[in-house]
Amino acid sequence: MYQVIARKYRPQRFEEVVGQAHVKLTIKNAIAQGRIAHAYIFSGPRGTGKTTMARILAMALNWEDGPSASPDPDSQVCKEIAAGSSLDVVEIDAASNRGIDSIRELRESVKFRPARDRYKVFIIDEAHQITNDAFNALLKTLEEPPSWTVFVLCTTEPQAIPATITSRCQSFAFQAVDQQEVVQHLDKICASEGVAADADALTAVALAGDGSVRDSLSTLDQAIAAFGKKLEAKGVRDLLGVIPSEGTGRILGAIRDGDPAAMLAVVDDLFQQGRNAQHFCGELTRQFRNLMVMKVAGHDTRLVSAGHAEREAAKDWIEAFSQDDLNRYVQILLSLYQDLQSSTHQRFRLEVGLLKLVHAGRLAPIEEVLSGLRKGVPLPPRVDAEARPPADAPSSSPTAAPSPGATEPAPARKAAAPASGFLGELVRSLQDAGNESLVDAVRACRVEREERVVTVQAPGDWFPILDLQKPVLEAAIAAVIGAKPDVRLVAAEPDRQAEQRPGGSSRNSGATSSGSDDDISTRALSDPAVQAFTKRFDGRVTNVVDLREKTQ
Ligand SMILES: Nc1ncnc2c1ncn2[C@@H]1O[C@H](COP(=O)(O)OP(=O)(O)OP(=O)(O)O)[C@@H](O)[C@H]1O
Ligand SMILES: [Mg+2]
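Here we summarise the structure given alongside this text. Remember, predicted model here, so these are calculated numbers, not experimental data.

By size, the foremost hydrophobic cluster in this structure holds 64 residues, and its most contacted members are Met-263, Phe-288, Leu-350, Leu-354 and Leu-466. With sequence-adjacent residues up to four places away left out, Met-263 is seen in contact with Ile-251, Ala-254, Ile-255, Leu-354, Leu-355, Leu-357 and Val-358. Counting residues in hydrophobic clusters, the runner-up holds 30 residues, among them Val-23, Ala-58, Val-121 and Val-152.

What follows is the structure, given as structure tokens:
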């Protein structure tokens, strides 16, 4: 009968366990010195060898010629333990035996000597599932067990095990296995299975396993089922939904060139291929994080889990961007990833998030800008304030306040109140066309119509989206008004811009009201340095204080 690879290749000796060097060494030494503890906790991520190591420990203790750190896997005792049929090695799944009754049974069975072998070994899997009462019932047994018992508690959540238990056990923390070691392990298994796999294909499999050997082996099984005895990187990546390095290259190119259209084309391709937006974003975040780490620690650093192709492709990109840039991109992607977890409009979110990357562009470091201001040196071109999404975009309400008159203020997007009049018809037309993303965008705008002229005032974060989808918007409006419209898309002016001009009296609210203070404010606001500063940072002066007065 077919046996899955993960079971077929379960290690039978300490040496065969991949990684976990510290655990192997300590346990082997303990066995050699006869210092066997009565209770161990093996904690760590799923599929990293906890149960496997517990079984090998049981073999080491109970092997006919043992105890020994090198038991013979072909001996009768070891074969029984591997097959799970040994009477003296009891595996308990705490997920289904978590209550007090099961633990009472366990306590009873502890009292009896081993049926045949040296030790009675209890391997408790998923130990964190045991209830508090049941743990309490176990305390005494763990503290003063009969000399022939050894407990191994395996868990992925060590923090869920009460301190009263952990303090009675020796703890071993298993680590996620290094990607290169997983690749070597996969390589050996492919060789014995007669599978020809290229190195990048195995790297993609190992990356998908994210440090879990079991997950990597299950993925390998899946890849062999799909492609047979020949595994190539492209096919495996497609199967796993991994973005090939060309995909990341296109995204980085769009950021470097400040090209939002190229970025949207990537998203379009992605959805055409039926890829999952969140998975894509997670993978992209990983790759950008890798670039950031390579920028700091060199492109061959071991701190990064990346295949050969990804490392080679990274060389140019880490030259092209500063550490600050990469850091900023990773932050944007992390928040996009979170957004995607809760958003129903996956495509739209992804578009907005990736456009943010374009607009975050390559910003000049603040020190450079400040020193430029000081020296009067011309500043590098900056991203237009209107086009740059604000930090809290895109879920913020529109910034444009509705003005009285023939306008139709859109309801805040969150409220999603049914819109009426022209806006309502436009929304319905877009909904009919199945264009939910534009519905959201239009709802965030102020829309005015005079005959064929339709003015759409879009807050900064929506503007680029609407701008790129203007033809679609025009078609939807044409369907409503029955004529070709003249659509005027304008970036909504934050009200404060009008107020920040030098001399704009309302801005000086914090200044005292005497005539001379007004004079000071006017002088301060018309100072070229102050003007350059406010213009550069799209800012405003809220208060002018006369320091001479303060120091008196
Ligand atoms: N460190 C490792 N070296 C080699 N193979 C491993 C390793 N870890 C896991 N495996 C493979 O994965 C399979 C499952 O491993 P094991 O049951 O030991 O994982 P675990 O850490 O107990 O996971 P879980 O927390 O999910 O119970 C094994 O049969 C083996 O093929
Ligand atoms: Mg296990």
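Our focus in this paragraph is the pairing of strand E9 (residues 453-458). Where a strand is regular, its side chains alternate between the two sheet faces. Where strand E8 (residues 446-450) lies against E9, five bridges are found, and the strand directions are antiparallel. Looking at the pairing, Glu-448 lines up with Thr-455 of E9. If you look at the hairpin formed by E8 and E9, you'll find two residues sitting between the two strands, and Glu-451 has a positive phi there, around 55°. One ladder, built from six bridges, connects E9 with strand E10 (residues 486-491); its direction is parallel. Counted as the bridge partner of Thr-455 is Arg-488 from E10.

Taken in spatial order, the five strands make up an open sheet running E2-E3-E4-E1-E5, and their pairing is parallel. What marks the edges here is a single partner per strand, and that holds for strand E2 (89-93) and strand E5 (170-173). The mean angle between the axes of side-by-side strands here comes to 15°, regardless of whether they run parallel or antiparallel. Bridge analysis of strand E1 (residues 39-43) against strand E4 (residues 149-155) gives five bridges, and the strand direction is parallel. The residue bridging Ser-43 from the neighbouring strand is Thr-155, located in E4. Along the sheet face, helix H5 (residues 100-111) touches E2, strand E3 (120-125) and E4 and points at about 160° away from the line of E3.

Scoring rules and cut-offs
- Residues numbered from 1 in each chain as written.
- Chains lettered and ligands numbered in written order.
- Predicted model: local features only at pLDDT ≥ 70, side-chain atom pairs only at ≥ 80, totals over all residues.
- Heavy atoms only, no water.
- Core = buried A, V, L, I, M, F, W, Y, C linked by side-chain atoms within 4.5 Å.
- Buried < 20%, exposed > 50% of the residue type's maximum accessible area, 1.4 Å probe, protein only.
- Contact = heavy atoms within 4.5 Å.
- Pairing = 2+ DSSP bridges.
- Helix = DSSP H or I, 4+ residues; strand = E, 2+ residues; numbered from the N terminus.
- Axes fitted to C-alpha atoms, helices over the stretch in contact; angles between N-to-C directions.

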